[in-house]
Every structure is written in structure tokens, then in C-alpha cells.
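So you can see what is in the structure, the chains are spelled out below.
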Amino acid sequence: MSVLASSDCKETFVLNLGPQHPATHGVLRVKLTMDGEYIRHAEPVLGYIHRMHEKMGENRTWAQFMPNTGRLDYLSALSYNHGYVLAVERAAGIAVPERAEYIRVITVELNRISSHLVWFGAFILDLGGFTPLLYAFDDREIILDLLQAVTGSRLTYCYFRFGGVYNDIEPDFITGTLAFIKRLRERMPMYHNLVTKNIILIKRLKDIGFVPAEMCRKYGATGPVLRGAGVGYDVRRAEPYSVYPELDFDIPTYPEGDCMARYMVRLDEIEQSMRIIEQACAKLPDGPVMAEKAPKIIKPAKGDYYAAVEAARGSFGVRLVSDGTTTPYRLKLRSPSYSNLSLFGEASRGMLLPDALALMGSLDLVIPEIDR
Amino acid sequence: MNLHSEPIRLLAFLVGIIAFAALNAAYLVWLERKVAGHVQRRIGPKEVGPFGLLQPLVDGIKLMTKQVLIPDNIDPILFRLAPPLLLIPAVMSFVTIPFSETLVARDINLGLLMIFAFASINVLGILLGGWGSNNKYAVIAAARGVSQNVAYEIPMLITVITMVMITHTLNLNEIVRQQGGGIFNWYIFRWSANPLMLISFLIFFTCSLAETNRAPFDLGEAESELVAGYHTEYSGMGFGIFFMGEYANIVIGCSLATILFLGGWQCPFGLWPGVHWFLIKLYILIFTVILIRWTFPRTTIYGLLNLSWKVLIPFALFNLILTGAMIKIWPMIFP
Amino acid sequence: MSGYFAEIFSGAKSLASGMGITFRYMFKPVVTVQYPHATLKMPERYRGHIELVKDPESGEPKCIVCGMCQRACPSGCITVAGDKLEGEKKKVLSKYVLNFTTCSLCGSCVESCKPGAIQFSREYNLASTRKEDYTIDLLQRLREQR
């Protein structure tokens, strides 16, 4: 493969993968310079659904930006809610009641599971298997119903508020969540038998799409991509926020750095998220879900603030620059998929087209989050 | 007028075969969608007619009323030639298939050979369709289709040669006749001919999946990679004919497997042989093909070639040698 | 060499077990809702577009025309207007129009409303080919509900 990649073959052609292509999950366009089915050069072209979220943030009050955060990554919107809320709370010095923190953790982890389930289905769909997608959606539907009962929406949540959450959870949410975890635990062996152990899948993922830790470092890739390269970096442990330090969970890492490693990391993360939810449900304290002293109009002091959370795709960072007014002076979003996509050009060099699509699928890209 | 005269008989069979191929294409889509639906815990088509049974009809009308778009800068002859090239050989192959002892259009002695002769034309349809559409995805798909077909014809033909060595004939009806008298006379369980007959069957079945471009070997139309593969540029009935050809090929592949290994129209208990047994076996195999599609992810081109050259061909060759040895040695031990 | 056969064997076994799973699932009951024939009941907190709440005593909207919702809305999709009738101390709501095309259902308006005069509706069967259908006159909607 490497011989082919380096050979000075002049007979190449350009293949436009996207912006409308089944494997790019949205409007990503990748300009591939191909030599037969081998990729010589890949250049992701972005911006097809750029919506200027960062600029919009500068023209709205701090609170009015909240719904935008749910629309960056539509698959794990609550993590993005959490990142923004955390940054503003740090800026304005708002303390969050413990019950609200636990509710945040439970809902975010549920959202992470649902995001990983969608990724699982869509990834196998990229590889040509149809049925696991529908099985994953069957499980995800329950999460959506649970979160809908709490937050009122199914996908683009806007549930967290500065100083707490929008409204308290009901007791049947906890019972429903625990029942769901029991169900998913029983379903996981089915997923492994149907998909993970499948020889075709193993052949397609093992030793394919090698992304070493060094490459991750170079492009700033985080999340399962980095953990699949053997680096146990997780914002929940590296820079603990919320109540994560009080919860016991592992950070799954696989040293291989191939597609299979990233696949396994995500499936293991589903298990770990279930553990976190169980513990959080058991520890859930009583009390208010909204800080009593939370100001109605947020005016953070002049300064530069940063908060990062572990979203389903990696580290999501929010940098806020406040000039002491009711609107942010600058709002910078660091989205994980953008960095994860950046390495695609280098990692896919010399690969076959189907393998490159397996690599792209294993990066778990959500295009609206890349384009913001 | 003599109803049993040869021209009328042929005409009746011609109409029957075309109707069988077309109905199969239409209702296999329905079956495929129903099986896919229930495997995925959905219902599948259900709105048009009871259980959605009229859905294929409506789909057919839709395809026929659609405009056949001919893109610019294509090769106009090849582009139009490709769909019939895929469909006609598939339909022609039905001519020698014995549905029952008497229900066979032409009971010719070279039936098996004829089917393989026709089967190797369908790859031409894929190649010309992909090449003629002037589309990069289609060209890649065409190249894949050809290398895949070439790779899989070898183990398939080796297996068929093994079978011919055992049966001593190329006449399909005669092959079925030899398997009469119960399930243990089917060639799949004929241990005395070759103890690895089951493996022969699996090789043949895998190869026929690959030959007909079915999942998990549907590299030519891998929709997550190549959009729609070699028929990306086809619309309306151009696409419809490709589709019919593909399903006809599946029926041919499964029919051959039924005839060679599963005793064709013979009954498993040796009673009342007839067309119903052939159809039951045929549709069980087709159902398996459909279930395979909705279970497995797709292989890659090198995975497919590895499977062919590293697994199927060695096993098929070993089977061939073993069968040859058995034919010579068995009579020596038990004269 | 033994690895070669072991791989073929384990591979075949994995394929067979996969087929077994899909075959078994084929006979399990379907989980989908046949949408136009059957619908789901939305939970209590479901966020449809907002609607006005009426005062149970007078039957008039609770809205006091303070304009807080209009100011809280991130995308400016609410237009509120009120008339000051003679002899009345408070303003009376005369216009409440929601431009649902830009609404993101964040709930800022409902949260900001002190008298609790707006709430989320449970309406989700919204489909139209005309943009104008999503400029909803909530006051008229409330009157029609009566």
C-alpha cells in the first residue's frame, strides 16, 4: 500500500466525495485525488452549513446563546449545553446546587450513550450492514423518550440553565433510566455477537485506518480517537468538572490506534456511562435544582474564561471573553470533530476508498459541529 | 391444432419464463423488504394492498412512468446496451432449469454448461454500464465488478467440475434424477461420493452470492461508498432492468444450488416429487440470501479476493482432488 | 497453518451466530408506531410551539403585555402588542404573533414570563408547504379554542 502511495503515478483523477454522499453524513465534501481506488491525497472542504454560531454569540445576551449550543452537535446536545453553561458559570461565579449537578451528569451520560448508539449504527451502515442501525435506534428511542419527558425535546436540547437546570426530574425518570440500563446491559452481548465478533467486520476494521497518538497530538484530536490510540485522556478525569470526581468509572483505552480500537473504545464507553448513571442515580441528593442566587441578568466581570467538557466526540471547549456587558465580547467554541476531521487527510493517504470511509466513520464526525 | 407441437410448447415456455423472471423480480423485492422490515422489527411495505402485496406493481408503474435520463458525454450505445445485457442472459438461463421432471423448456444435454456460458455475460453488462455512464463512481464499480466476477468464477467452476465428475453428465434434469429416493441421496449428503460435499455446497453458495453481486459481496453497488455503483446514472426503467436482472440472477444461482446439491424437484422423503419441492427449496435458499444481506456488513475488494484465492480456491481444488481420488479408489476397496 | 483453519472456523461460527440473531429477531414483535394510523401521546413537558394561557375566571389571556418574552427570545420570533383601554389600569393584549420558522423552542420566553401566561403546547403534527402557515397568531388560536 505504501509503495503505491509513494509511487510517482501520473494517472490520477479527482473524486468529489460529497457534499451529497451517503458516507459523509451530511454536507461534508472531501476532494480525493485517486489513483484507481487508492487515495493519493484527501482534502476535506468545509463550510457548507456554516451558521456563524460564534458571531451570533457576540450579538446576543449570554442566556440567549443557549439554544445555539444544542445545535452544534445534534447527537450529544446536552454535552454542549453543559460546556457553555459551565463556562458562563465560571465567568459569573455562579454556584450550582448538587442535585442539579447530578441531574446534569445523568442526562449528559444518557445523551452520550444515545450518541454512541447512533454512531454505532451509522458506522456499521457505512460498512454496509443495515440491521444494527435499526437495533441501535430501538435502544436510542428509549433514551430519547426519557430525555423528552425531562427536557421537552428529543434532539436539540436546551435544558441546562446558568445555575442549574430548567426543571426538576420526576421519580419515574430515575426508574425509567435504571430499567433502560438493565435492558441495554442485556442487549450489549447481542450487539457483540451480531457485530463485534463478525469476521467481516473484524477484517474491515483491524489494522485499518491507523491513527497513532503522535498524529492525534499533531492535529489536536481528542475523545475516542485519542483513547483509541492508547492515550487515556478524558476531560472528565484530566480537568474534573461537575460531580465526576465523586463517581467511579474507567477510561477505556486501546493502544492499537486502528478503527477497531476506536470502535471498542466507544462500545466500552457505553458501559462506563451506564456505570456512571447508576452511581449518580443512587447518589442523587434532594434539594433545589436551581441556584437561588443566580442572577437574572448575567454580566460576568471583564476577563477571559475557559471551560471544557468531554463531549461524545472529544473535548469541547468554550472560551469566553467578557467586557463586562450583557453580551459576550468574543465566544470561541472548540469543537472536537473539527480536529478529528483534520487528521483525515494525513491518515487516509494510500488507503483504499472503502477503508478510508471506514476511517471516516470511525472518527464519528458530526458536520454541523465542524462547520458551526 | 396440436397443443403439444414443439413451436407452441416453446412459445408457452418463453412466456412462462419471462413471466416467472419478472414476477420473481417484483415479488423478491417485496419479500426482501418484508424480511428486512421484520428483521429490523419494522413491518415493511403495508399500505398498498393487503400486506403491501401490490407494492411491486406500484413500484413498477412508477419506474416505467419515470423519465429515462440520458446524461451528456456518455457512450450512447454502451449506455443503452448494458441493462439488457444483464437481464437477457439471466432470463435465457431459465431455459434449461428443470422445474420438475417434465417442466423444462429445453432439456438439453449441455444445460449446466449453457448456464455458465450465459452467466459470464452478465459481467459484461456491469462493465459496459459502468464504463458507458461516464461517472467516476460507476467506473470504479465496474472495475470492481469485473475483478470480483473473475475471481469467483474459478472456485465456482472447480466445484461444478467436481460435481460433473460425480454425476457424469451436464444435463440438469439427469443430475436431479440421480438424487431421487430421499434426502440422503441428495448430493449435499452423498458422503460416499465425497465426504466434503457440504463444503462444496458452501463454496458454491458463496460464489453464487459473489457472482450475483449480493451482499456481503455487493461491491459493485456499495451505496455507502459508490453511491449506487454501476447504475448510478440510470433512472426509470434503465435502473429497473438492472434491478430485474439482478434478481433473476439470484434466482438462477439459487436454482443451480438446488439442482446440484439439494435434489431439485425430488422430495426429501422420496414421495411425490414435483415442481413444489423445487420451489420450496429455491425460496428457502433465496430467503437465506436475503437474510445474509440484512445481517452482514460488506466486505472490501481485497477481503473478497483474499477469501476467493486463499480460502475458496484451495478448498475447491482439494475437493476436486479428493473426489477424483474417491472415484478411482472407492471401487478398488469395494469392488 | 492451524491459525488458518482456526480463523475459517471462528469466522464461519461468527457468521452463523449473526444469522441466528437476525433470524430470531425476525419473529419478535415490531416496535414501530404506524404513524398516520396511530400516534404517540406527548409527555407533559413536551415543547411544542408556545401558546397563551387563559385566566380560568375571566377567560381572557393572562398576558399582561410586559414584553419580557419578546426581549428574552434569542431569535426575535415573538411580537406582542397591547392596547390601553380607557378606564383600565393595565394594558390589554391585542396581538401575540409567533414566527415559528425561527423559533428554537429553548423555553426562554416561558421562563421569563412572570404571570405564567405562556406555556408549551403539545402540538407536533405541523407540516405545511407554505411559510406563512408558521406565523401563528396565538391570540386568535386561544379565542378559537374557547
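Keep in mind that this is a model prediction, so the values were computed, not measured.

## As for the overall build of chain B
Regarding its fold elements, chain B presents twelve helices and zero strands. Taking 20 Å as the expected radius of gyration for a compact globule of 335 residues, we find that chain B reaches 21 Å, a close match to that expectation. Each principal axis of the C-alpha distribution contributes one length, and for chain B these read about 70 × 55 × 45 Å. A buried classification covers 49% of the 335 residues belonging to chain B.

## Here's the deal with the overall build of chain A
Secondary structure assignment for chain A yields 16 helices and eight strands. Relative to the 2.2 N^0.38 estimate, which gives 21 Å for 372 residues, the radius of gyration of chain A is 21 Å and therefore close to what a compact globule would have. C-alpha atoms of chain A, sized along the principal axes, occupy 70 × 50 × 30 Å. Looking at chain A residue by residue over its 372 residues, the buried ones come to 54%. Within chain A, contacts between residues separated by at least 24 positions form 72% of all contacts whose residues are at least 6 apart in sequence.

## Points about the interface of chain A and chain B
Between chain A and chain B, the contact holds 26 residues from the first and 20 residues from the second. Of all the secondary structure elements, the ones that give two or more residues to the side of chain A that touches chain B are strand S1 (13-17), helix H5 (98-126), helix H6 (131-151), helix H8 (199-205) and helix H15 (353-362) of chain A. Class assignment of the residues belonging to the side of chain A that touches chain B gives a composition of 15 nonpolar, five polar and six charged.

## Looking at helix H1 (residues 6-39) of chain B
If you check H1 of chain B, its first and last C-alpha atoms are 46 Å apart, about what 34 residues at 1.5 Å a residue would give, namely 50 Å. Looking at the residues trailing H1 of chain B, positive phi occurs at Arg41 of chain B, about 60 degrees.

## A look at the interface of chain B and chain C
With twelve residues of chain B at the interface, the matching set in chain C holds twelve residues. Counting residues per element, the ones that place at least two in the side of chain B that touches chain C are H1 and helix H11 (275-293) of chain B. A per-element tally of the side of chain B that touches chain C places H1 of chain B first, with three residues. Among the residues forming the side of chain B that touches chain C, the class breakdown is eight nonpolar, two polar and two charged.

## Notes on the environment of Ser94 of chain C
Residue and element names in this part refer to chain C. Counting through the fold element by element, Ser94 comes out in strand S3 (residues 92-99). Each C-alpha atom of the pair Ser94 and Ala81 lies 5.7 Å from the other, and the pair is 13 residues apart in sequence. With near-sequence residues (within four places) excluded, Ser94 lies in contact with Ala81, Gly82 and Asp83.

## Remarks on the sheet that holds S1 of chain A
All names here are of chain A. In space, the three strands of this open sheet follow the order S1-S2-S3, with antiparallel pairing throughout. Edge strands, defined here as strands with exactly one partner in the open sheet, are S1 and strand S3 (38-45). When the angles between neighbouring strand axes are averaged without regard to direction, this sheet yields 25 degrees. As paired elements, strand S2 (residues 29-35) and S3 share seven bridges and run antiparallel to each other. Among the inter-strand pairings, Leu32 is bridged to a residue of S3, identified as Ala42.

## Notes on the sheet that holds strand S8 (residues 330-334) of chain A
All names here are of chain A. Taking strand neighbours across the sheet as the criterion, the three strands line up as S6-S7-S8 in an open arrangement whose pairing is antiparallel. Strands with a single pairing partner mark the edges of an open sheet, and in this sheet they are strand S6 (303-311) and S8. Each strand axis lies, on average, 10 degrees off the axis of its neighbour in the sheet, ignoring direction. Where S6 lies against strand S7 (residues 314-322), nine bridges are found, and the strand directions are antiparallel. Bridging across to S7, Glu310 finds its partner in Ser315. The strands that helix H4 (residues 77-92) touches are S6 and S7; relative to S6, the one it contacts most, it runs at about 150 degrees.

## Regarding helix H5 (residues 122-132) of chain B
Residue and element names in this part refer to chain B. Counting buried positions along H5 gives ten out of eleven residues, so the element sits mostly inside the fold. Along H5, the residues that are buried comprise Asn122, Val123, Gly125, Ile126, Leu127, Leu128, Gly129, Gly130, Trp131 and Gly132. Considering only its buried residues, H5 is in contact with helix H3 (76-93), helix H4 (111-119), helix H6 (136-167) and helix H10 (236-261). Among the residues trailing H5, Asn134 stands out with phi positive, at a value near 55 degrees.

## Some details on the packing of H3 of chain B against H5 of chain B
Residue and element names in this part refer to chain B. Two elements in contact, H3 and H5, have axes whose closest approach is 8 Å; the angle formed by their N-to-C orientations is 160 degrees. Relative to H5, H3 is oriented roughly antiparallel. By crossing handedness, the relation of H3 to H5 is classed as left-handed. In contact with Leu78, Phe79, Leu81, Ala82, Pro83, Leu85, Leu86, Pro89 and Ala90 of H3, H5 contributes Asn122, Leu124, Gly125, Ile126, Leu128, Gly129, Trp131 and Gly132. Class assignment for the residues of the contact of H3 with H5 results in 13 nonpolar, four polar and no charged.

## Let's talk about the confidence of the model for chain B
Reading fine detail from the predicted coordinates is not recommended where pLDDT is low. Residues and elements named next belong to chain B. On average, chain B scores 83 in pLDDT, and the residues at 70 or more come to 98%. The lowest-confidence element of chain B is helix H9 (residues 223-226), averaging 74 in pLDDT; the highest-confidence one is H11, averaging 88. Scored as a complex, the prediction yields pTM 0.87 and ipTM 0.82.

## What about the environment of Leu353 of chain A?
Relative to the helices and strands, Leu353 of chain A resides in helix H15. As for Leu353 of chain A and Ala229 of chain A, which are separated by 124 residues in sequence, their C-alpha atoms are 22 Å apart. In this view, Leu353 of chain A contacts Glu37 and Ile39 of chain A together with Glu225 of chain B; residues no more than four positions away in its chain are not counted.

## Details of unusual backbone geometry
With phi around 60 degrees, Asp207 of chain A is a residue other than glycine that occupies positive phi space. Its location among the elements puts Asp207 of chain A in the loop between H8 and helix H9 (213-219). The partly exposed category is assigned to Asp207 of chain A, around which 13 C-beta atoms lie within 10 Å. At Asn213 of chain B, a residue that is not glycine, the phi angle is positive and equals roughly 55 degrees. Tracing the backbone shows Asn213 of chain B in the loop between helix H8 (197-211) and H9.

## Regarding the environment of Gly220 of chain A
Residue and element names in this part refer to chain A. With respect to the element layout, Gly220 can be found in the loop between H9 and helix H10 (224-227). Residue class for Gly220 comes out partly exposed when judged on the 16 C-beta atoms lying within 10 Å of it. Taking the C-alpha atoms as reference, Gly220 lies 12 Å from Val231; in sequence the two are eleven residues apart.

The rules behind these values
- Residues numbered from 1 in each chain as written.
- Chains lettered and ligands numbered in written order.
- Predicted model: local features only at pLDDT ≥ 70, side-chain atom pairs only at ≥ 80, totals over all residues.
- Helix = DSSP H or I, 4+ residues; strand = E, 2+ residues; numbered from the N terminus.
- Rg over C-alpha atoms; globule rule 2.2 N^0.38 Å.
- Buried ≥ 20, exposed ≤ 12 C-beta atoms within 10 Å, placed from the backbone.
- Contact = placed C-beta atoms within 7 Å.
- Nonpolar A, V, L, I, M, F, W, Y, C, P; charged D, E, K, R; others polar.
- Expected span 1.5 Å × (residues − 1).
- Pairing = 2+ DSSP bridges.
- Axes fitted to C-alpha atoms, helices over the stretch in contact; angles between N-to-C directions.
- Parallel < 35°, antiparallel > 145°, perpendicular 65-115°, else oblique.
- Left-handed = near helix turned anticlockwise from the far one by under 90°.
- pLDDT = per-residue confidence, 0-100.

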